[in-house]
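Descriptive analysis of the structure
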Amino acid sequence: MISINDQGLEFHLQTKRSSYLIKVTSTGHLVHLHYGDRLTHRPQFNALEHLYHDKMGSSTDYADIPGQTLNTFRLEVPTFGKGDYRSPLLHVEYTDGSRVTDLLYQSHQLLDSKPSLEGLPSASAERDSHHLVITLADPVTKLEVDVHYSVFSQSDVITRHLVVRNHASRPVQLLRALSSCVDFADESWDLIHLQGKWIKEAQIARQSLEKGTVQIDSKKGVSSANHNPFIALARKETNEHLGACYGFGLMYSGNHLSVAEVSPYNQTRVMTGINDFDFRWELESGERFTTPEIALTYSASGLNRMSQQLHQFINQHVISEQWRNVERPIQVNNWEATYFDFDYDKLDAIAQKAKSIGVELFVLDDGWFGKRNDDTTSLGDYFDNPKLVGGIARISETVKDYGLKFGIWVEPEMVSPDSELFRAHPEWAITHPERTPSLGRNQLVLDMANPEVIDYLFEKLSDVFSRARVDYVKWDHNRNFSDSYAHSLSAKEQASFNHRYVLGLYDLLTRLTKTFPNILFESCSSGGNRFDLGMLSYMPQTWTSDNTDAIERLNIQHGTSLCYPLSAMSAHVAAKPSHQVLRRTPLETRFNVAAFGNFGYQLDITQLTEQETQAVVEQIAFYKQHRQLLQFGRFYRLSSPFEGNITTWLVVNDDGNEALLGYYQKLQQSSGELETIKLPALNPELAFIVRSRAQYREEIETTDTRVNSELYQLYGDQLASVGLPLNNQFMGVEITEHTRYIGDFGSRIYHIMAEGY
Ligand code: GLA
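Going by an unreviewed UniProt entry, the protein chain carries the name Alpha-galactosidase and comes from Vibrio chaetopteri. Quoted verbatim from the Sequence similarities (unreviewed entry) heading of the UniProt record, the comment on the protein chain is "Belongs to the glycosyl hydrolase."

A few words now on unusual backbone geometry. The omega torsion across Lys576 and Pro577 is -5 degrees, close enough to zero to call that bond cis. Mapped onto the elements of the fold, Pro577 is located in the loop between strand 29 (569-574) and helix 10 (587-594). A positive phi angle, near 45 degrees, is found at Ser526, a position not held by glycine. In this structure, Ser526 sits in the loop between strand 27 (520-523) and helix 8 (533-538).

This paragraph deals with the site of the ligand. Around the ligand, the surrounding shell holds 13 residues, and the nearest of these are Asp365, Asp366, Arg441, Lys474 and Asp546. For the ligand, an oxygen atom lies 2.6 Å from a polar atom in the side chain of Asp365. Within the contact set of the ligand, an oxygen atom lies 3.0 Å away from a side-chain nitrogen or oxygen of Asp476. Compared with its free state, where it exposes 300 Å², the ligand has 96% of that area covered by protein. Counted by class, the shell around the ligand contains 4 nonpolar, 3 polar and 6 charged residues.

Let's shift gears to the nonpolar core. Grouped together as the largest cluster of nonpolar side chains are 192 residues, with contacts concentrated most on Trp368, Trp475 and Tyr601. Among all residues touching Trp368, those that are not within four sequence positions of it are Phe342, Tyr382, Phe383, Asp384, Asn385, Leu388, Ile392, Ile408, Trp409, Val410, Val464 and Arg467. Grouped together as the second largest cluster of nonpolar side chains are 22 residues, Tyr663, Leu679, Leu719 and Ile742 included.

Time to look at the pairing of strand 30 (residues 598-602). Counting buried residues in strand 30 gives 5 out of 5 residues, a clear majority hidden from the surface. Residues of strand 30 alternate between two faces, with Asn598, Gly600 and Gln602 on one and Phe599 and Tyr601 on the opposite face, all of them buried. For strand 21 (residues 331-333) and strand 30, the ladder comprises 2 bridges, and the chain directions are parallel. Across the sheet, the residue bridging to Val332 is Tyr601, located in strand 30.

The feature "binding site: substrate" (unreviewed entry), as annotated in UniProt, sits at Trp198, Asp365, Asp366, Arg441, Lys474, Trp475, Asp476, His477, Asn478, Cys524 and Asp546 in this numbering. Ignoring anything within four residues of it in the chain, the contact list for Asp365 reads Asn333, Asn334, Trp335, Trp409 and Lys474. At 2.9 Å, the side chain of Asp365 forms a polar contact with the side chain of Asn333. Among the structural elements, Asp366 can be located in the loop between strand 22 (361-364) and helix 4 (391-401). Each residue touching Asp366, except ones within four places of it in the same chain, is listed here: Trp335, Tyr339, Phe340, Phe342, Arg372, Trp409 and Arg441. At 2.7 Å, the side chain of Asp366 and the side chain of Arg372 are in polar contact.

A word on the packing of helix 10 against helix 11 (residues 610-625). Closest axis-to-axis distance for the helix 10/helix 11 pair is 11 Å, and the angle between their directions is 20 degrees. Taken as axis vectors, helix 10 and helix 11 run roughly parallel relative to one another. In this structure, helix 10 meets helix 11 at a crossing whose hand is right-handed. In this structure, helix 10 uses Leu587, Glu588 and Phe591 to contact helix 11, whose residues at the interface are Glu612, Ala615, Val616, Gln619, Phe622 and Tyr623. For the contact of helix 10 with helix 11, a count of residues per class yields 6 nonpolar, 1 polar and 2 charged.

Around the barrel, which closes on itself, the 8 strands sit in the order 21-22-23-26-27-28-29-30 with parallel pairing between neighbours. Sheet twist, expressed as the mean angle between neighbouring strand axes with direction ignored, is 30 degrees. Pairing of strand 27 with strand 28 (residues 541-543), which is carried by 2 bridges, proceeds in the parallel orientation. Residue pairing across strands places Ser523 opposite Thr542, the latter belonging to strand 28.

Turning to the sheet that holds strand 4 (residues 30-37), a few remarks are in order. Spatially, 4 strands are ordered 1-2-3-4 in an open sheet, and the strand pairing comes out antiparallel. Where the open sheet ends on each side, the last strands, each with one partner, are strand 1 (2-5) and strand 4. The mean angle between the axes of side-by-side strands here comes to 15 degrees, regardless of whether they run parallel or antiparallel. Relative to strand 2 (residues 10-14), strand 1 runs antiparallel, the two sharing 4 bridges. Each residue of the ladder has a partner; that of Ile4, found in strand 2, is Phe11.

A word on the pattern of salt bridges. Side chains that differ in sign of charge can pair as their charged atoms come close. Scanning the entire structure with this criterion turns up 41 salt bridges. Glu282 is the partner of Lys492 in a salt bridge, and the nearest nitrogen-oxygen pair spans 3.1 Å. Of the two residues, Lys492 is situated in the loop between strand 26 (472-475) and helix 7 (497-515) and Glu282 in strand 18 (residues 281-283); the sequence distance between them amounts to 210 residues. Looking at Lys492, the relative accessible area reads 57%, which means it is exposed. Close ionic contact of Asp549 with Arg583 constitutes a salt bridge, the shortest N to O distance being 3.0 Å. Of the two residues, Asp549 is situated in the loop between strand 28 and helix 9 (550-560) and Arg583 in the loop between strand 29 and helix 10; the sequence distance between them amounts to 34 residues. Overall, Asp549 belongs to the buried group, its relative accessible area being 2%. Overlapping salt bridges, with partners in common, bring together Asp84, Arg86, Asp183 and Arg269 in one network.

Quick look at the state of the cysteines now. According to the stated counting rule, one finds 0 disulfides in the structure shown. Cysteine Cys563 is unpaired, with the sulfur of Cys245 as its nearest cysteine sulfur at 12 Å. Using a relative accessible area of 0% as the deciding quantity, one classes Cys563 as buried.

Moving on to the layout of surface pockets. For the largest pocket, the calculated volume is near 710 Å³. If you go around the largest pocket, you meet 33 residues; those closest to its centre are Gln312, Phe632, Gly633, Arg634 and Asp654. For the lining of the largest pocket, the secondary-structure elements that each account for two or more residues are helix 1 (302-318), helix 12 (627-632) and strand 31 (634-639). The element best represented in the lining of the largest pocket is helix 1, accounting for 8 residues. Considered as a void within the structure, the second largest pocket measures approximately 560 Å³ in volume. Lining the second largest pocket are 25 residues, and of these Ser320, Thr510, Thr513, Ser537 and Tyr538 lie nearest its centre. Counting residues per element, the ones that place at least two in the lining of the second largest pocket are helix 1, helix 7 and helix 8. The residue inventory of the lining of the second largest pocket, partitioned by class, reads 12 nonpolar, 10 polar and 3 charged.

With that settled, the discussion passes to helix 10. Judged by how many residues are buried, helix 10 sits mostly within the fold: 8 of 8 residues are covered. Taken together, the buried positions of helix 10 are occupied by Leu587, Glu588, Thr589, Arg590, Phe591, Asn592, Val593 and Ala594.

So, about the environment of Glu643. Following the sequence through the fold, Glu643 ends up in the loop between strand 31 and strand 32 (646-652). Judged by relative accessible area, Glu643 falls into the exposed class, the value being 73%. Spatially, the C-alpha atoms of Glu643 and Leu630 are 24 Å apart, while their sequence positions differ by 13 residues.

Rules and cut-offs
- Residues numbered from 1 in each chain as written.
- Predicted model: local features only at pLDDT ≥ 70, side-chain atom pairs only at ≥ 80, totals over all residues.
- Heavy atoms only, no water.
- UniProt positions renumbered as here; feature names shortened; annotations may be inferred.
- Helix = DSSP H or I, 4+ residues; strand = E, 2+ residues; numbered from the N terminus.
- Near = heavy atom within 4 Å.
- Polar contact = N/O pair within 3.5 Å; in protein donor to acceptor, adjacent residues only side chain to side chain.
- Areas by Shrake-Rupley, 256 points an atom, 1.4 Å probe, with all protein chains shown as cover.
- Nonpolar A, V, L, I, M, F, W, Y, C, P; charged D, E, K, R; others polar.
- Core = buried A, V, L, I, M, F, W, Y, C linked by side-chain atoms within 4.5 Å.
- Buried < 20%, exposed > 50% of the residue type's maximum accessible area, 1.4 Å probe, protein only.
- Contact = heavy atoms within 4.5 Å.
- Pairing = 2+ DSSP bridges.
- Axes fitted to C-alpha atoms, helices over the stretch in contact; angles between N-to-C directions.
- Parallel < 35°, antiparallel > 145°, perpendicular 65-115°, else oblique.
- Left-handed = near helix turned anticlockwise from the far one by under 90°.
- Salt bridge = Lys/Arg side-chain N within 4 Å of Asp/Glu carboxyl O.
- Disulfide = S-S within 2.5 Å.
- 1 Å grid on protein atoms, 1.4 Å probe; cavity = no way out; pocket = protein on both sides within 12 Å on 5 of 7 lines; lining within 4 Å.
- Points joined across faces, edges and corners; volume = space filled by probe spheres on them.

Below, the structure is given as structure tokens:
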């Protein structure tokens, strides 16, 4: 809901549990009054406006108004040059060389339908919602800025973006145009973000903000695994269950920047948007520039609630309608099973076995095209590789005859120097004419800013998707940018290349997803190098990491869930020992971890023993039975792999009468303690049966192949307040029918069901 007090030009945006309140000051600036707990709407809020009235030593007054300094205004769209010395949201250079911008209120408008963003993805609106546009303008330079706000009441999310218009007769240069700024009133905050690298994505980093500026960014061309384009701001005491926090998720897949700045006056400015490093955008007279949309959410009840709100928002408003709440198929992917070493017979054997164990989708990964038998060649040449007799059409037909869906891997944004495409169009690769290009995985980036490249890719990919009657596409992107020089752009356009690349990519994805609405796309970038809301709006799921080791995945999936829902996180059971860390993790743990996500297998299933095959058949049946909950249930991080030996995760259904609890142990301890786990969100009135999933044991030598089954009966209020009293683990003396032997890298999944349901 959006309420406007016309008198004082106050704008009150309310979600179910939060309020976002802004107003126009007497000087004409748009300032922030409150973002946090939901306030009752009142006819006026002027008592909340908290400005310095008295003159400060060494301050710069705003224009000729003594005692009013923009340096302490909590500005919604801070600019540079009129006395605010904090980082600006918008920084513009005009033709006379001046870089001063002063944005003053002009008008506002309530819209019944949410405008889409030119060339960029945007969240689809809630039914019957309103959207607020406040127009600000610089009286001297004629720069106009529309500040857009949309309210998603049910998910407790507010989205923002800017449209910058040049009304002057001469061009202007945008040096920085971020998406949102929130100026908080005090300095007592922790900044949380997801840092990482290849095979170690989404590691949670939490730091206390001090006076000064912290920047989180990507300069890699993609959003990157180094710093995901999501940040959270939390009170020092905030944990998963208690305390105030805010989440900020940017809907963008290229270079991004988040700034958290604590001023000398203890105000904290938080901004996110396109990275201004290596960015310059010329706006001709009459042209406009649209910044990406950003989702803001507030939780008074800890980080779990913040994540759940973002998950709901992504599942309901970011994922395209076609895939909303649609259960995703269980896949087998041949990458870690065969790498490049496959032929028709090998794939056929995998597909046959996949069918027999209950898999639903067969995915043919890298190596099916050109002469690609390793990663040195053929990206760009999407015609059949002779090693695959009959090509993709034949293997697809075989797979479909088994009743499976057929999926295929492509890496469209890249070209190998050793490829027919590169030989035909060297100018389509991002290279500087006078430099030897730096290679990444032996390949070059294509110029996605060039419409000819987009047309070519659309045509080639359309052919591949039709030829093989493709149901699913894994869209990969395996190198970061270097040698940024696009042959299609003029000298003065080069500094806009990074953003033009993303716009080209979004254009291609819009065309392909419209033409092939039934294809399920999964985004991948050497794993989670491009896990962001932008890609998710075209591709409802992402390959979370190339690290398929279950124990490493605990951290990666735990961290990723801070912003992204389980339905978006692909997770597969892979081989033992793990190809990334050489760890030997039990098959059941590999399942128990991957089950909390979009599930599949990525090992040579034709090599499974009889017992392993039986275990896998049962895993798949279990996943199918609980898929709705495991992909779309309300997810709770109960204990963290970043903090201790035991990780616990919970997914609960909306009615609170069914849940699944994942329990994971890194190392077996001697003389362990009695463990209880408090389970929130279940209906307190109902009686529950908690049963461990039947698992095979492979940790200890025994003739009994099953682990002990466990059964507990408690009421919902008891599970929440007292906790689930788990049987003791092995105490060093005996294993009886009560022993919960977990072992090194052991785990359980418990099914929690209300009696009578
Ligand atoms: C990337 C992906 C992998 C796999 C390979 C194929 O590394 O992340 O999952 O598809 O490429 O080359």
